[in-house]
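Take a look at the letters that make up each chain.
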Amino acid sequence: MSAPLPPKPPAREGRVSLRQYAKLFRQDLLSAQPQRLYRAWMAEFRTPFFRSYLLNQPDLVKTVLKDRPDDFPKSGRVSEGLRPLLGNSVFLTNGEVWKRQRRIIDPAFEGGRLRDTYPAMWDAAEASLARISTVAGQDIEVEEITSHAAADVIFRTLFSIPIEHEIASQVFSEFRDYQRTQPILNIAAFVPLPKWMPRFFRKSTKDAAKSIRGLITQLTEARMAEIKAGTAPDDLATKIMTTVDPETGDTFTAEEMVDQVAIFFLAGHETSASALAWTLFLMALYPDWQERLAEEAQALQSCDFADVRKLKLSRDVFRESLRLYPPVPMMVRQNTCPEEFRDREIKTGSQMVLSPWHLHRHERLWDNPDGFDPTRWDTENGKTCQRDAYMPFSAGSRVCTGAGFAMVEGVLILSMILRDFKVERVEDRAEPMPVAHLTVRSKDGIWLRFVPRA
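Keep in mind that this is a model prediction, so the values were computed, not measured.

**Topic: the sheet that holds strand β7 (residues 351-354)**
Think of a sheet as strands paired side by side through backbone hydrogen bonds, with each pair either parallel or antiparallel.
At step 1: Read from one edge to the other, the open sheet built from 4 strands follows the order β1-β2-β7-β4, with strand pairing classed as mixed. Whereas interior strands pair on both sides, the edge strands pair on one side only; in this sheet they are β1 (42-46) and β4 (331-334). Neighbouring strand axes in the sheet, compared pairwise and without regard to direction, differ in orientation by 25 degrees on average.
At step 2: As paired elements, β1 and strand β2 (residues 51-55) share 5 bridges and run antiparallel to each other. Of the residues in β2, the one forming a bridge with Met42 is Leu55.

**Side note on the pattern of salt bridges**
At step 1: Counting across every chain of the model gives 35 salt bridges.
At step 2: Notably, a salt bridge pairs Arg68 with Glu339, separated by 2.5 Å at the nearest N-O pair. Of this pair, Arg68 sits in the loop between α2 (58-67) and α3 (76-86) while Glu339 is found in strand β5 (residues 339-341), placing the two residues 271 residues apart along the sequence.
At step 3: We classify Glu339 as buried; its relative accessible area is 8%.
At step 4: We note a salt bridge from Arg102 to Asp106, for which the minimum N-O separation is 2.8 Å. Asp106 shares its class with Arg102; the two are buried.
At step 5: The structure contains a network of salt bridges with shared partners spanning Glu44, Arg46, Arg51 and Arg344.

**Section: empty space enclosed by the protein**
At step 1: This model, assessed by the stated rule, comprises 5 cavities of 30 Å³ or more.
At step 2: In this model, the largest cavity occupies a volume close to 70 Å³.
At step 3: Phe281, Arg425, Val426, Arg429, Ala430, Glu431, Pro432, Gly445, Ile446 and Trp447 are the residues that line the largest cavity.
At step 4: Residue composition of the lining of the largest cavity, by class: 6 nonpolar, 1 polar and 3 charged.

**Points about the confidence of the model for the protein**
At step 1: The pLDDT averaged across the protein works out to 89; a share of 92% of its residues lies at or above 70.
At step 2: Below a pLDDT of 50 lies the segment residues 184-191, which in the model reaches 35 contacts outside its immediate sequence neighbourhood of four places, other chains included.
At step 3: Counted against residues more than four places away or in other chains, residues 196-200, with its pLDDT under 50, gives 9 contacts.

**Considering the side chain of Ser355**
At step 1: Tracing the backbone shows Ser355 in the loop between β7 and α13 (356-359).
At step 2: Of the residues examined, Ser355 reaches a relative accessible area of 0% and is grouped as buried.
At step 3: Those residues in contact with Ser355, other than ones at most four positions away along the chain, are Leu54, Asn56, Pro329, Met330 and Met391.

**A closer look at the nonpolar core**
At step 1: Residues Leu55, Phe155, Leu280, Leu282, Met283 and Phe341 are the most contacted members of the largest nonpolar core, which totals 130 residues.
At step 2: Among the elements that take part in this core, helix α10 (residues 254-285) stands out by supplying 18 residues, more than any other.
At step 3: Beyond its immediate chain neighbours, meaning those up to four positions away, Phe341 contacts Met42, Leu55, Leu60, Thr63, Val64, Phe72, Ile346 and Met352.

What counts and how
Along each chain, residues carry numbers from 1 onward, in the same order as the chain's sequence is written. Confidence filtering applies because this is a predicted model: local features only for residues at pLDDT of at least 70, side-chain atom pairs given and counted only at 80 or more, and all residues used for totals across whole chains, interfaces and linings. Only hydrogens and water are set aside when side-chain values are computed; all heavy atoms of the structure are taken into account. Think of it this way: DSSP has to see at least two bridges between two strands before they count as a pair. A run of H or I in DSSP counts as a helix once it spans at least four residues, and a run of E counts as a strand once it spans at least two, with each numbered from the N terminus. The axes used here are C-alpha line fits, helices contributing only the stretch in contact, and every angle between their N-to-C directions lies in the interval 0 to 180 degrees. Salt bridges are identified by distance alone: a Lys or Arg side-chain nitrogen within 4 Å of an Asp or Glu carboxyl oxygen. Relative accessibility under 20% of the residue-type maximum defines a buried residue, over 50% an exposed one, and the middle range a partly exposed one, all with a 1.4 Å probe and only protein chains included. Using a grid of 1 Å spacing that covers the protein atoms alone, one calls a set of points a cavity when a 1.4 Å probe fits there but cannot get out, and a pocket when the set is open and has protein on both sides within 12 Å along at least five of seven lines; lining residues are those with an atom within 4 Å of a point. Grid points are joined across faces, edges and corners, and a volume is the space filled by probe spheres set on the points. Each residue gets one of three labels, nonpolar for Ala, Val, Leu, Ile, Met, Phe, Trp, Tyr, Cys and Pro, charged for Asp, Glu, Lys and Arg, and polar for the others, Gly among them. On a range of 0 to 100, pLDDT expresses the predictor's confidence in each residue. Here, two residues are considered to be in contact whenever any of their heavy atoms come within 4.5 Å of each other. In this description, a nonpolar core means a group of buried Ala, Val, Leu, Ile, Met, Phe, Trp, Tyr and Cys residues linked to one another through side-chain atoms lying within 4.5 Å.

So, in structure tokens, the structure goes:
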């Protein structure tokens, strides 16, 4: 009997109007797309206001993300939906502003900083195991578990506080509400609106964003006071807030730091929670792989950063999960000058859509594109595709600065969970179906059961 395929949302059938597409997109951008995008090298989407081009051809993706990134800045249409929470963060900015922000942020994630943050990750993983033990044997919505764990990692590594800290707990609670109410794009992504016109955000979205930013401001101002007093811990927040831009001599202002912390939380919490939840589901779906990882995880007996190198199978499984369920399913760039791609004239200001979701499952690039196969990374096809068609953390100069951080965190927590617990599917629950909110999550949650290992 062949192994089951991991769940995949049904593709849209037939053509739809712009109004119908906007409605489908708001509900879920994955199932709003046609099947042909899994084979197309390039596809054009027209509206009365702009042209959008989805690019799957590897050399075109390379042109946009790696060869000429300054010619293809991030599209402002994406920032329309995220601005209430993220302000002017590094995720949304372009040009010299973005370059300055990266010059200040990147040093916090370079060199030995990953080793320095590892104990905080270990403590967060152990805290997660303790929480799981209290619900062992019960039917659990696993995204709640992974969201809690990922948020705990962020607070411990960024501000040296556990999620049980009062403000950390409030931010986590507010963010859960925010991510379920905020679509990836709002109406301004489809219709160009003047700056003075309201953006039609839900009241709950605006209220949650305001509350989150207020809580982050408290943490940031408290840390600035500690830095001034010489009592600040040596964590990521202190490193970022004291790093001087080598070109301007400036550091982040308090308001700028609030913007950056908001994106650290979004990128480091939302994406990690999504990736870990889907990986745990895949382990329940493929128990043979789960047992192999559980055996490998016996190497984790104490907080020793060197043990991470022993987790090869876990890394391959986590990498495969990121291929099948990339947390950020689409990225949008905008061309600043006329282009010609695949013999098509592309006017300035068009939208260049890079879709990890489609690229990672492209039928003309990957062997067994919809199947779960962690061994693919040792094959010639897997190695080629990893270089040319794999970008869960984006690629080029705008690659996620915390990509290495995320890979260690995800593999560590996954391995420690499987070391101590068997993960089983809840049979009377429907198979989880991927949808895109801020990240790729399951429409009705991912229900699993954690059983302590003997």
